[in-house]
Amino acid sequence: MVWALVITSVAGFMAALDNLVVTTALPSIRKDLGGALGDLEWTVSAYTLTFAVLLMFGAALGDRFGRRRMFLAGLTVFTAASAAAAMAPGIGSLIAARAVQGVGAAIMMPLTLTLLTAAVPVAKRGMAYGIWGAVNGLAVASGPLIGGSLTEHVSWHWIFWLNVPLGLALLPLARLRLAESHGTGAPLDFPGTLLASGGLFGIVYGLVRGPADGWTSPLVLTGLVAGGVLLVAFVLHGLRAKNPMLPMRLFRSRAFAGINAASLLMFLGMFGSIFLLSQYMQGVLGYSPTEAGLRMLPWTGMPMLVAPIAGILSDRIGGRPVVAAGLFFQAVGLGWMAAVVTVDASYPVQLPGLIVSGIGMALFFAPASNLVMSSVRPQEQGIASGANNALREVGGALGIAVMASIFSAQGGYESGQSFVDGLRPALVTGSAVVALAGVAALLIPGRRRAGQGGTAAETETAETGAPSGTGAVSEATPALETAGR
């Protein structure tokens, strides 16, 4: 049990860390390898996009061909791609390596919990899932700081080299210490995967290249139009196919549709803001990469402190008001940052915005996961968890593309003032998007008062359309079922 917990936790840490570890290294990567704003976007989005699109497909591969076997394959791909990223001679090869990293993470990540479940007795699973989730949360919180410290004191290459010894150590341990298991053997949804991948790539490509090439250029228009058509085809496929990657019938539930819309919009605003603010702190305010990472901690690290309080609140008053409050907090925090950013803004002036945004993010995470799981039947919780995680990653990739497009339309890297001129409207947009996520959260059905037809938990699940008993499932528990789809 201990070995399984160590192996899966470290693997999850590696995959989660690579979401944000690059952000504080972007100025150094740009200085060393060159590249325009669009290239910097792709160093982040190439990972998040492939990770998002292939997440559920990777879980299905483990189900069909063996979870340990596919975990080893995903870990091998991720480790090799990390080495390729560290040795990248140019920005193009770095982007390609990041995309392959995302493929490996998409196969590896959803299988960690299934493998952990197979190794841990039922009575101890809650503790094991809690440790796994805490390690992954630590990766997200420390990503900018680790990236900044390695960039400043060693070199940016080591944000990728870090994965290589960890991966090489895990491979033999996983082979020897993890038991093999299989799922139901459901057919793989190749058409759905291709439609989703092509559609999202086309839209992100158009958003990234639009400011540089012009919004009416043939390639940009082709990407946006073709991407939109493919996504429509993906939705139709999800409505008609027998075993779709994402069954669209789940969105008939107002609770499921509302929390997933809120999740996508929240990550859109959050990722896009972190992408630009980490560059602002270094390129305009003159902080070192380590100093920038430390100054981001009140935002990225706050969930480690506030999440337990959020869980208690959601148990007492329901998840909807806590999630909505968290999203509005984050919208206020981003609005504050938009109001105070200048070429010489002091850190104490920025700090309230970072703290409020961090509190908002903390209030969102755990209750949002419970709302996702309580909105579907128990046998659908795996696919629901996978869909929500995928939409979060898609939101992150779109957020970087959208907000960087706004930034480049209004400003640029020419001077500190030019950067601020582009940053301010981007942050205003991020604030508005997260506020819209709060509105979507308010559309989720609330729970009735205890005593009106059953317990509070029973009535909450009744209104969200799921059988009673599913409302208090943690994010970790249902996520493990994703690997069985």
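Keep in mind it's a predicted model, so treat the numbers as computed, not measured.

About the criteria used
Residues numbered from 1 in each chain as written. Predicted model: local features only at pLDDT ≥ 70, side-chain atom pairs only at ≥ 80, totals over all residues. Heavy atoms only, no water. Helix = DSSP H or I, 4+ residues; strand = E, 2+ residues; numbered from the N terminus. Buried < 20%, exposed > 50% of the residue type's maximum accessible area, 1.4 Å probe, protein only. Contact = heavy atoms within 4.5 Å. Areas by Shrake-Rupley, 256 points an atom, 1.4 Å probe, with all protein chains shown as cover. Salt bridge = Lys/Arg side-chain N within 4 Å of Asp/Glu carboxyl O. Axes fitted to C-alpha atoms, helices over the stretch in contact; angles between N-to-C directions. Parallel < 35°, antiparallel > 145°, perpendicular 65-115°, else oblique. Nonpolar A, V, L, I, M, F, W, Y, C, P; charged D, E, K, R; others polar. Polar contact = N/O pair within 3.5 Å; in protein donor to acceptor, adjacent residues only side chain to side chain. Core = buried A, V, L, I, M, F, W, Y, C linked by side-chain atoms within 4.5 Å. Expected span 1.5 Å × (residues − 1). pLDDT = per-residue confidence, 0-100. Phe/Tyr/Trp six-rings, centres within 6.5 Å; stacked < 30°, edge-to-face > 60°. Left-handed = near helix turned anticlockwise from the far one by under 90°. Patch = residues over 30% accessible without salt bridge, like charges linked within 9 Å, V, L, I, M, F, W, Y side chains within 5 Å. Bend = angle between axes of the 7 residues up to and from the residue.

1. Some thoughts on the overall build of the protein
So, step 1. From N to C terminus, the protein includes 19 helices and zero strands.
So, step 2. Scored against the burial criterion, the 485 residues of the protein give a buried share of 58%.
So, step 3. Here the analysis covers contacts within the protein between residues at least 6 apart in sequence; of these, 83% occur between residues at least 24 apart.
So, step 4. Of the roughly 17,900 Å² that the protein leaves accessible, carbon and sulfur atoms contribute 68%.

2. Overview of the environment of A404
So, step 1. Position of A404 relative to the elements: it lies in helix α16 (residues 381-410).
So, step 2. Considering only alpha carbons, one finds A404 and E41, 363 residues apart in sequence, at a separation of 7.6 Å.
So, step 3. Other than its neighbours up to four places away in sequence, A404 contacts L37, E41, F275 and G399.

3. Some remarks on the pattern of salt bridges
So, step 1. For the structure on display, the rule yields one salt bridge.
So, step 2. Salt-bridge contacts for D18 lead to R98; the nearest nitrogen and oxygen are separated by 3.3 Å. Taken together, the positions of D18 in helix α1 (residues 2-20) and R98 in helix α5 (residues 91-119) put the pair 80 residues apart, joining distant regions of the chain.

4. Focus: the packing of helix α13 (residues 303-317) against helix α14 (residues 319-340)
So, step 1. As a packed pair, α13 and α14 sit with axes 7 Å apart at the nearest point and diverge in direction by 135°. Classed by the angle they form, the pair α13 and α14 counts as oblique. In this structure, α13 contributes A310, L313, S314 and I317 to the contact, and α14 contributes G319, P321 and V322.
So, step 2. Along the lines of polarity and charge, the residues of the contact of α13 with α14 split into five nonpolar, two polar and no charged.

5. With respect to the side chain of T290
So, step 1. With respect to the helices and strands, T290 occurs in helix α12 (residues 289-300).
So, step 2. Relative accessible area serves as the criterion here: at 13%, T290 is assigned to the buried category.
So, step 3. In this structure the side chain of T290 is engaged in a polar contact, spanning 3.5 Å, whose partner is the side chain of H153.
So, step 4. Discounting residues that sit within four places of it in the chain, T290 has contacts with L145, G148, S149, E152 and H153.

6. A look at the nonpolar core
So, step 1. Among the nonpolar cores identified, the biggest contains 140 residues, and F71, L94, F275, Y280, W299 and L327 are the most heavily contacted of them.
So, step 2. Listed in part, the six residues of the second largest apolar core include A310, V322, A362 and L363.

7. Regarding helix α8 (residues 163-177)
So, step 1. Between the first and last C-alpha of α8 there are 20 Å, a value that for 15 residues agrees with the 21 Å anticipated at 1.5 Å per step.
So, step 2. Looking only at α8, the buried set comprises N163, V164, G167, L170 and A174.
So, step 3. If you follow the buried residues of α8, they end up packed against α1, α4 (67-86), α5 and α7 (158-161).

8. Some details on the environment of W299
So, step 1. Structurally, W299 can be placed in helix α12.
So, step 2. Each C-alpha atom, one on W299 and one on L354, is 4.9 Å from the other, the two residues being 55 residues apart in sequence.
So, step 3. When near neighbours in sequence (up to four residues on either side) are disregarded, W299 contacts M270, S273, I274, L277, Q330, L334, L354, S357, G358 and M361.

9. A short note on the side chain of Q101
So, step 1. Along the chain, Q101 falls in helix α5.
So, step 2. Assessed through its relative accessible area of 0%, Q101 is described here as buried.
So, step 3. A polar contact is formed between the side chain of Q101 and the side chain of D18, at a distance of 2.8 Å.
So, step 4. A polar atom in the side chain of Q101 sits 2.9 Å from the side chain of S82.
So, step 5. Contacts of Q101, omitting those with residues within four sequence positions, involve D18, Y47, F78, A81, S82, F160 and N163.

10. Topic: the confidence of the model for the protein
So, step 1. When the pLDDT values of the protein are averaged, the result is 82; 88% of them are 70 or greater.
So, step 2. Within the model, pLDDT remains below 50 along residues 449-485, and this stretch shows 89 contacts once partners closer than five positions in the same chain are excluded.

11. Quick word on the packing of aromatic side chains
So, step 1. Enumeration according to the criterion identifies 11 aromatic pairs in this entry.
So, step 2. When the ring of Y47 is compared with that of F51, the centres are 5.8 Å apart and the planes differ by 50°; the resulting orientation is tilted. Of the two residues, Y47 and F51 are both situated in helix α3 (residues 37-65); the distance of four residues between them amounts to about one turn of the helix. Here the two residues Y47 and F51 agree in accessibility, since each one is buried.
So, step 3. Every member of this aromatic cluster is reached through a ring pair, and the members are W42, F201 and Y205.

12. Focus on the packing of helix α9 (residues 190-213) against helix α10 (residues 218-240)
So, step 1. Packing of α9 against α10 brings their axes to within 7 Å, and their N-to-C directions diverge by 155°. Regarding the angle of α9 to α10, the classification is roughly antiparallel. Crossing hand, α9 versus α10: left-handed.
So, step 2. Split by residue class, the contact of α9 with α10 holds 14 nonpolar, 10 polar and two charged.

13. A few points about a nonpolar patch on the surface
So, step 1. Taken together, the side chains of M1, V2, W3, V6, M127 and I131 present a nonpolar region at the surface, about 530 Å² in accessible area.
So, step 2. Only α1 and α6 (125-153) provide two or more residues apiece to the nonpolar patch.
So, step 3. Per-element tally for the nonpolar patch: the top contributor is α1, with three residues.
So, step 4. As for its position among the elements, I131 is in helix α6.

14. Considering α5
For the α-helix, the turn length of 3.6 residues means that residues three or four positions removed from each other point alike.
So, step 1. Under the 1.5 Å per step criterion, the end-to-end length of α5 is 41 Å for 29 residues, consistent within 8% with the ideal 42 Å.
So, step 2. Residue T112 marks the point of greatest curvature in α5, where the axis turns by about 35°.
So, step 3. For α5, a buried count of 21 out of 29 residues is recorded, marking the element as mostly surrounded by other parts of the structure.

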